[in-house]
Amino acid sequence: MTAYDALIPDARAFLTKLAANNTRDWWQDNKSTYDDQLKAPALALLDDLCAPLSKLTESPVTSKLFRPHRDVRFSKDKTPYNTHLHMMWQVEAGAPQNPVFFFGVGLDYVTTGAGMMGFDKPVLMNWRKMVDLDTKRIAGIVGEVKDQGFNFRDPALKRVPPPFDKDHPAGDLLRMKGVTASRELKGKGPLKDQILDTFRSLWPLNKLLISIAEA
């Protein structure tokens, strides 16, 4: 038994109630439940995965639990709390920009994934250059990840950016300004093992992104 064996059902139960009572008063009355049933188990899961991920990536790994409070400064939706539980592990590979692994529980999803949410400008330039010069290899890695049931975020750009040909064979990749792949958590057994198995499948993608950031 681990501290996070019941994290998914406990999180969904709490988040369902939060969605129906998304106010500061309700939060204050139920914060101890969040701390005991969501935050503490999530921190334990984050900590337990750092060592195996460090071994997998041959790099230090740091972890983060995203705060429940929403930033409502520029949003029309002023509800104060997120109705999801998100966490991530960052690979500290020493590259100018490093990729992450992530895990999230929402009202209607349990997702695992990896990648770089948005490229820094130099990494974006490297990405486009390498996609153009090494199309077959990079498209092959992306294709292998897709074949395992992962979905990539839609490209940010509607058109292939100059100076690349609009009919470039890797046009979809060139239109990306960040690369993340994710899928619903699937499998059986302990939660830690299910997540780690997913991250192993995604490591070739993150390893590619590290090499491109370092190029």
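Everything here concerns the structure above.
Quick caveat, the model's predicted, so the values are computed rather than measured.

Thresholds applied
Residues numbered from 1 in each chain as written. Predicted model: local features only at pLDDT ≥ 70, side-chain atom pairs only at ≥ 80, totals over all residues. Heavy atoms only, no water. Helix = DSSP H or I, 4+ residues; strand = E, 2+ residues; numbered from the N terminus. Rg over C-alpha atoms; globule rule 2.2 N^0.38 Å. Buried < 20%, exposed > 50% of the residue type's maximum accessible area, 1.4 Å probe, protein only. Contact = heavy atoms within 4.5 Å. Areas by Shrake-Rupley, 256 points an atom, 1.4 Å probe, with all protein chains shown as cover. Lys, Arg positive; Asp, Glu negative; His and termini not counted. Charge placed at Lys NZ, Arg CZ, Asp CG, Glu CD. Pairing = 2+ DSSP bridges. Axes fitted to C-alpha atoms, helices over the stretch in contact; angles between N-to-C directions. Parallel < 35°, antiparallel > 145°, perpendicular 65-115°, else oblique. Nonpolar A, V, L, I, M, F, W, Y, C, P; charged D, E, K, R; others polar. Salt bridge = Lys/Arg side-chain N within 4 Å of Asp/Glu carboxyl O.

### Notes on the overall build of the chain
Summing up its helical and strand segments, the chain has six helices and six strands in all. Along its sequence from the N terminus, the chain presents helices and strands in the succession α-α-β-β-β-β-α-α-β-α-β-α. Compactness check: the chain gives a C-alpha radius of gyration of 19 Å against a globular reference of 17 Å for 215 residues, within 12% of the reference. Taken along the three principal axes of its C-alpha coordinates, the chain extends 55 × 40 × 30 Å. Within the chain, the proportion of its 215 residues that are buried is 46%. Considering only intrachain contacts with a sequence separation of at least 6, the fraction spanning at least 24 residues in the chain is 65%. Carbon and sulfur atoms form 51% of the exposed surface of the chain, whose accessible area is close to 11,600 Å². Here the chain holds 30 positive side-chain charges and 26 negative ones, and the gap between their average locations is 6 Å.

### A word on the sheet that holds strand β6 (residues 179-184)
Read from one edge to the other, the open sheet built from six strands follows the order β1-β2-β3-β4-β6-β5, with strand pairing classed as antiparallel. Each end of this open sheet is capped by a strand with a single partner; those strands are β1 (61-65) and β5 (151-152). Pairing between β5 and β6: two bridges, direction antiparallel. Looking at β6, one finds that N151 is bridged to S182. Running at roughly 20° to strand β4 (residues 110-116), helix α6 (residues 191-214) makes contact with β2 (84-91), β3 (100-106), β4, β5 and β6 of the sheet.

### Digging into the packing of helix α3 (residues 121-133) against α6
Their axes nearest at 8 Å, the elements α3 and α6 cross at an angle of 110°. Classified by the angle between their axes, α3 and α6 sit roughly perpendicular to one another. Seen from α3, the contacting residues are V123, N126, W127 and M130; seen from α6, they are L209, I212 and A213. Classifying every residue of the contact of α3 with α6 gives six nonpolar, one polar and no charged.

### Comments concerning the pattern of salt bridges
This model, assessed by the stated rule, comprises six salt bridges. For D35, the salt bridge goes to K31, with nearest N and O atoms at 2.9 Å. Pair noted here: D35 and K31 are both in helix α2 (residues 24-57), with a separation of four residues, about one helical turn. By relative accessible area, K31 is classed as partly exposed at 33%.

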